[in-house]
Amino acid sequence: MRRKDHLCTEFSFTLPKGLVDAQNRVHRHGVMRLATAKDEILVQQERKFQENPAYGVLMMLSRVIIRLGSLNYVSPDLLEGLVILDISYLREFYNRINQQGDAHILTQCPHCNAQFAVQLELAGEL
């Protein structure tokens, strides 16, 4: 178990399909950081978001994904190239780490009632 006074702010993930770059390389493994209030504010101030609020998802993901494969910057335009399965995965992963604070859930053994934490596996992590 992790110490309670330690705040983890970065989480690794693996996309189900991956992003194909201009050199035809597939980027699947990445790191996402926790979102901040400033991230939310800056996305809402963007012209593209004001014209099309649905674009806010890509804008927010581009702010919190700090690495994807060998890419150290992921723009909303780059994320437009992801298949819907990968976008859905990233949205779920974003919600999980920002609402729960980690990628683990507390569960209980049905036989002995012992409680323990397990890491949920999403489609891309199988």
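Everything that follows concerns the structure shown earlier in this document.
Residues numbered from 1 in each chain as written. Predicted model: local features only at pLDDT ≥ 70, side-chain atom pairs only at ≥ 80, totals over all residues. Heavy atoms only, no water.

Engineer: I'm lost on the overall build of the chain in this one. Help?
Structural biologist: Of regular secondary structure, the chain possesses five helices and five strands. Going residue by residue from the N terminus, the α and β elements of the chain occur as β-β-α-α-α-β-α-α-β-β. Looking at the chain as a whole, 36% of its 126 residues qualify as buried. Pairs at least 24 apart in sequence give 53% of the contacts found in the chain among residues at least 6 apart. Roughly 8200 Å² of accessible area belongs to the chain as shown, and the carbon and sulfur atoms make up 52% of that amount. (Helix = DSSP H or I, 4+ residues; strand = E, 2+ residues; numbered from the N terminus. Buried < 20%, exposed > 50% of the residue type's maximum accessible area, 1.4 Å probe, protein only. Contact = heavy atoms within 4.5 Å. Areas by Shrake-Rupley, 256 points an atom, 1.4 Å probe, with all protein chains shown as cover.)

Engineer: Sorry, what's going on with the packing of aromatic side chains here?
Structural biologist: The geometry of an aromatic ring pair is captured by the separation of the ring centres together with the interplanar angle, meaning the angle of the planes. Taken as a whole and assessed by the stated rule, the structure comprises three aromatic pairs. With centroids separated by 5.7 Å and ring planes inclined at 55 degrees, the aromatic side chains of phenylalanine 13 and phenylalanine 93 adopt a geometry described as tilted. Placement of the pair is phenylalanine 13 in strand S1 (residues 10–20) and phenylalanine 93 in helix H5 (residues 84–100), with a sequence separation of 80 residues. Here phenylalanine 13 and phenylalanine 93 have matching classes, each one buried. In textbook terms, an aromatic cluster arises when at least three aromatic residues are bridged by ring pairs, as seen for Phe13, Tyr89 and Phe93. (Phe/Tyr/Trp six-rings, centres within 6.5 Å; stacked < 30°, edge-to-face > 60°.)

Engineer: Before we go on, may I ask you to explain the sheet that holds strand S2 (residues 26–33) in this structure?
Structural biologist: Note: strands within a sheet are paired through backbone hydrogen bonds, in either parallel or antiparallel orientation. Sheet architecture is open: three strands sit in the order S1-S2-S3, paired in antiparallel fashion. The outermost strands of the open sheet, each flanked by one partner alone, are S1 and strand S3 (65–68). Averaged over all neighbouring strand pairs, the angle between strand axes comes to 25 degrees, with direction disregarded. Bridge count between S2 and S3: three bridges; the pairing is antiparallel. Bridged to valine 31 within S3 is arginine 67. Relative to the sheet, H5 contacts S1, S2 and S3, its axis offset from that of S1 by approximately 170 degrees. (Pairing = 2+ DSSP bridges. Axes fitted to C-alpha atoms, helices over the stretch in contact; angles between N-to-C directions.)

Engineer: Please explain the pattern of salt bridges as it appears in this structure.
Structural biologist: Side-chain pairs of opposite charge can arise where the charged atoms are in close proximity. Under the criterion given, the structure shown has five salt bridges. Residue arginine 33 is joined to aspartate 39 by a salt bridge in which the shortest nitrogen-to-oxygen separation is 2.8 Å. Accessibility expressed as a relative area gives 21% for arginine 33, which makes it partly exposed. Arginine 63 is paired through a salt bridge with aspartate 39; the nearest N and O atoms lie 2.9 Å apart. Taken together, the residues span a long stretch of sequence, with arginine 63 in helix H3 (residues 56–64) and aspartate 39 in helix H1 (residues 37–45) at a distance of 24 residues. According to the relative accessible area criterion, arginine 63 is partly exposed, its value standing at 32%. Residue classification places aspartate 39 among the buried positions, given a relative accessible area of 2%. When salt bridges with common partners are traced through the structure, they connect Arg33, Asp39 and Arg63 into a single cluster. (Salt bridge = Lys/Arg side-chain N within 4 Å of Asp/Glu carboxyl O.)

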